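# Notes for the structure review
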Amino acid sequence: MSDPGQVNIPPPPSSPPLTEEPVEETTLAITTANIISSVATAVVTELSKIQEITTEISPTNTSDHTYRKSTFVQTVAGEGIAGACVWAAIFITCHQIYQYLRFYTNPAEQRWIVRILFIVPLYAFVSWLSLLFFSYDDYYVYFYAVRDCYEAFVIYNFLSLCYEYLGGEGNIMSEIRGKPIKSSYFWCTCCLAGQSYNIGFLRFCKQGTLQFCFIKPVMSVIVIILQAFGLYHDGNWTPTEGYLYTTIIYNISISIALYALFLFYYATKDLLRPYDPALKFFSVKSVIFLSFWQGVVLAIAEKAGIINPLQSDDGTTQTEAGTVSAGYQNFLICIEMFFAAIAMKYAFPISTYMTDGANNTTGRNVTMQSISSTLRETMNPRDIMTDAIHNFHPQYQQYTQYSSDNKRFQGQPQQNNNMDVSSSSTESACI
């Protein structure tokens, strides 16, 4: 029963709301769909235009292609093994360098050793980067330029270290001057039969290594220029490209440097015996020379068809000449640098310098600023320019340098060994 005071209001008609709301929702959905469709069409159109422009600009661009299904060195396992060896080598060698900078008791010898040790992390890191950029056919050429310049620097540093071990040029000449050079076909000294050791012999040894220090960086710059003009591909032996000629020049230069180092070792091996030169010689030369010949063998193998070019994962492109052999070369160097770091640790033990000067095996109190300052002084290449002038300038061809800041030989009387003392004084003043 309804309340008499309440007025019954009829309900509003139900049909209009039921028809208007669906119409509004449908209109909104259609409008949204049209907007999305228009935007999508515009995006697709613009992307198509960009793709057409990119194709016209670089129709042979292969930088987006991968080759992970074609070779082990490009798999996750291959890159993981290489990366583990690289970072282990870097950690071992950097710790050794830190110890040398902390126990910096004989700078005359230790600065050469620190420079030599840097070849391991540099070789390892550059090879690893080149391996990571395998898909980019020519990037490794630019990485190699940095590595090659430093490798020439290391050869010079190794010979200079041997000089310092023996007390410098003057002490070496006082030991070997006038002794006959033994003729041997096996040791390639037959052309020196009847000659004796003199200052000209030491000049040749230094000049043989210094020429490589200058030729190698120049060749690296030439390779980059040829690469930019498409005239250089690693492993391409055709006469119309630069790889053949740069390899010939490099072989001649590195052979002269190696022969000069060997002649010096042959003349002073008895004097160097207390410093274990064989292990040092093998460690340094294996990093530089064996890795070079390893790369040449791989390039020849690729040219002979033993190593085949790779097809990209999408099957649309193929690697350029030298890319695959360079990939294997970089992978092998990454592995080898781990063993090189261990060999360097035994070849150049820090224990030799821990007790030099003061009997202190805990090292000096150092800060990062003092270590960085020592490192800058150690890596300063100013001495190589001075040494080049000393060994190539005609004015110094018959002079013997007797000054040495090696603490092992300080306080010992210097011998002029029938050399004009005024000549030595003039040389010191000129230098």
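Whatever comes next refers back to the structure up there.
Quick summary incoming for the structure in this document. (Residues numbered from 1 in each chain as written. Predicted model: local features only at pLDDT ≥ 70, side-chain atom pairs only at ≥ 80, totals over all residues. Heavy atoms only, no water.)

## Re the overall build of the protein
Helices and strands together make up the secondary structure of the protein, namely 14 helices and zero strands. Counting helices and strands in the order they occur from the N terminus, the protein gives α-α-α-α-α-α-α-α-α-α-α-α-α-α. Buried positions account for 43% of the 431 residues belonging to the protein. A sequence separation of at least 24 residues applies to 79% of the contacts in the protein between residues at least 6 apart. Carbon and sulfur atoms make up 64% of the accessible area of the protein, which totals about 22,800 Å². (Helix = DSSP H or I, 4+ residues; strand = E, 2+ residues; numbered from the N terminus. Buried < 20%, exposed > 50% of the residue type's maximum accessible area, 1.4 Å probe, protein only. Contact = heavy atoms within 4.5 Å. Areas by Shrake-Rupley, 256 points an atom, 1.4 Å probe, with all protein chains shown as cover.)

## Let's talk about unusual backbone geometry
For Asp276, which is not a glycine, the phi torsion comes out positive at approximately 50°. The residue Asp276 is located in the loop between α8 (243–272) and α9 (277–303) in this model.

## Points about the packing of aromatic side chains
Tallied over the entire structure, the rule returns 17 aromatic pairs. Ring geometry for Tyr197 versus Phe201: centroids 4.8 Å apart, planes at 75°, classification edge-to-face. Exposure remark for Tyr197: the relative accessible area of 7% places this residue in the buried category. Put simply, the rings of Trp87, Phe125 and Trp128 touch in pairs and so form one group of aromatic residues. In this arrangement the basic side chain of Arg147 is found over the ring face of Tyr123, its NZ or CZ atom lying 4.8 Å from the centre. A cation over an aromatic ring shows up here: Lys206 above the ring of Tyr163, its NZ or CZ 4.3 Å from the ring centre. (Phe/Tyr/Trp six-rings, centres within 6.5 Å; stacked < 30°, edge-to-face > 60°. Lys NZ or Arg CZ within 6 Å of the ring centre and 35° of its normal.)

## A short note on the nonpolar core
Here is a general trend for soluble globular proteins: nonpolar side chains tend to be buried in one another's company. Phe264, Met337, Met344 and Phe348 are the most contacted members of the largest nonpolar core, which has 77 residues in total. Per-element accounting of this core gives the leading share, twelve residues, to helix α5 (residues 139–165). The contact partners of Phe264, leaving out residues within four places of it in the chain, are Leu159, Cys162, Tyr163, Leu166, Ile172, Phe201, Leu202, Cys205 and Leu272. Tyr144, Val223, Ala299 and Ala326 belong to the second largest nonpolar core, which has eight residues in total. (Core = buried A, V, L, I, M, F, W, Y, C linked by side-chain atoms within 4.5 Å.)

## As for the pattern of salt bridges
Side chains carrying opposite charge are able to pair once their charged atoms draw close together. Under the definition given, this model contains six salt bridges. When the shortest N-O distance is used, the salt bridge between Asp148 and Lys216 registers 3.4 Å. Here Lys216 lies in helix α7 (residues 199–228) and Asp148 lies in helix α5, a separation of 68 residues in the sequence. In this structure, Asp387 and Lys206 form a salt bridge, with 2.7 Å as the shortest nitrogen-oxygen distance. In this pair, Asp387 is assigned in helix α13 (residues 382–392) and Lys206 in helix α7, connecting sequence segments 181 residues apart. Judged by relative accessible area, Lys206 falls into the buried class, the value being 6%. Salt bridges linked by common partners bring Arg147, Asp148 and Lys216 together as one network. (Salt bridge = Lys/Arg side-chain N within 4 Å of Asp/Glu carboxyl O.)

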